[in-house]
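Single-letter residue listing:
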Amino acid sequence: MIDAKTRICCVIGNPIEQSISPLVHNAAYKTLDLNYVFLTFKVTRVKEALAGLKAINAAGISVTIPHKLEVLKYVDEVDKIAADIGAANTIVNKNGRFVATNTDWIGALKALEEETSLLHKRVALLGAGGAARALAYGLVKKKAKVYVFNRSYETAYQLVQDFKLEKEYSLSDMYKIKDMDIIINTTSVGMTPNNDSLVPFNYIKSDHVVFDIVFKPKETKLIQYAKAKKATVVYGYKMLLHQAVEQFKLFTGVDAPFKVMQRSLRLQGPPLRG
Ligand code: ATR
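Residues numbered from 1 in each chain as written. Predicted model: local features only at pLDDT ≥ 70, side-chain atom pairs only at ≥ 80, totals over all residues. Heavy atoms only, no water.

Asker: Outline the layout of surface pockets, listing residues and values.
Answerer: When its volume is computed, the largest pocket comes out at roughly 1,300 Å³. The wall of the largest pocket is formed by 49 residues, among which Ile65, Ala131, Thr186, Met191 and Ile213 lie closest to the centre. Counting only elements with at least two residues in the lining of the largest pocket, the list comes to β3 (60-63), α5 (130-141), β8 (145-150), α6 (153-163) and α8 (236-252). Along the lines of polarity and charge, the residues of the lining of the largest pocket split into 23 nonpolar, 21 polar and five charged. Approximately 160 Å³ is the volume attributed to the second largest pocket. Looking at the second largest pocket, the residues that line it are Met1, Ile2, Thr6, Asn26, Tyr29, Lys30, Asp33, Leu34, Asn35, Tyr36 and Val37. Among the secondary structure elements, those contributing two or more residues to the lining of the second largest pocket are α1 (21-32) and β2 (36-42). Ranked by residue count, the leading element in the lining of the second largest pocket is α1, at three residues. Here the lining of the second largest pocket is composed, by residue class, of six nonpolar, three polar and two charged. (1 Å grid on protein atoms, 1.4 Å probe; cavity = no way out; pocket = protein on both sides within 12 Å on 5 of 7 lines; lining within 4 Å. Points joined across faces, edges and corners; volume = space filled by probe spheres on them. Helix = DSSP H or I, 4+ residues; strand = E, 2+ residues; numbered from the N terminus. Nonpolar A, V, L, I, M, F, W, Y, C, P; charged D, E, K, R; others polar.)

Following this line, the structure appears as structure tokens:
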């Protein structure tokens, strides 16, 4: 029942059609009988969108591509996590003030830790953008040894400096991945319609843990390679699920019904089935 007391949450981004956040959050509201609704907004003008959402007292905002950096300029407060990462995927309404934070890093850690410990593990982090920064933030907390592999050297170098990581490599150094324990793709390579992998098939070993944060398709080329080599795989949708669980708690103040949210993803259709 939507009425005058219904609290509004939403996701803003562009494109936004691929977002599965409404599905996951609304399933949880329904199960717990919370008077909340989660909507999707295709947004190009971030400043105006946030002003409008504030005017209607929206309870929480999930932020996706390409606005994770820009929102930092238009909120009332950026918490330390979002400031350290340099990007926000979450805005929480705290007594009328919009506070930006980041739950991507928790989502990624939880997804990884379902399959492996991280302490002292050698991690190849592919990419050096916003998503890579969230991963780096979490991996450092867990005392993993992080090596950044990126197309452009400058951003890789900067990432290594900012988070005191081990070393930056170019993509032509990819053979070094054989010495790593964990491989994490944070680039958009592999995302529909680009069916490619930055890591060649021959470099993947059975004792690797391979995590692709790309979730469409569920089975990216990198994940396909990893499965063929009998490596341990971590699917991108797991990160999405765990970060949504964290957001849910921040938006509603209530513990998230994890199983319900997980099931809502399975019901979604072929790309996430398996
Ligand atoms: P996000 O916030 O999702 O991380 P981003 O900040 O635009 O997005 O970062 C994208 C990352 O994917 C970058 O590390 C980018 O490499 P560059 O720093 O060289 O731009 C990487 N990336 C994107 N497309 C790529 C491609 N076709 N080949 C290799 N790396 C790619």
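Having seen the model, we can carry on.
Asker: Please provide a residue-by-residue account of the pattern of salt bridges, values included.
Answerer: Applying the stated rule across the entire model yields 11 salt bridges. Note that Glu246 and Lys110 form a salt bridge whose closest N and O atoms lie 3.0 Å from each other. One end of the pair, Glu246, is in helix α8; the other, Lys110, is in helix α4 (residues 104-113), with 136 residues separating them in the sequence. Glu246 sits in the buried class, given a relative accessible area of 12%. The partner of Lys205 in a salt bridge is Asp207, with the nearest N and O atoms 4.0 Å apart. (Salt bridge = Lys/Arg side-chain N within 4 Å of Asp/Glu carboxyl O. Buried < 20%, exposed > 50% of the residue type's maximum accessible area, 1.4 Å probe, protein only.)

Asker: Residues and numbers for unusual backbone geometry, please.
Answerer: With an omega of 10 degrees, the peptide bond between Thr192 and Pro193 qualifies as cis. Mapping Pro193 onto the fold places it in the loop between β10 (182-185) and β11 (209-212). That bond from Lys216 to Pro217 is cis: its omega, 5 degrees, falls within 30 degrees of zero. Mapped onto the elements of the fold, Pro217 is located in the loop between β11 and α7 (221-228). Non-glycine residue Lys143 carries a positive phi angle of around 60 degrees. Within the element layout of this structure, Lys143 appears in the loop between α5 and β8. The backbone of Lys164 sits at a positive phi, close to 50 degrees, despite the residue not being glycine. Summarising the element assignment, Lys164 is placed in the loop between α6 and β9 (167-170). Owing to a relative accessible area of 71%, Lys164 belongs among the exposed residues under this scheme.

Keep in mind these numbers describe shape, not what the thing actually does.
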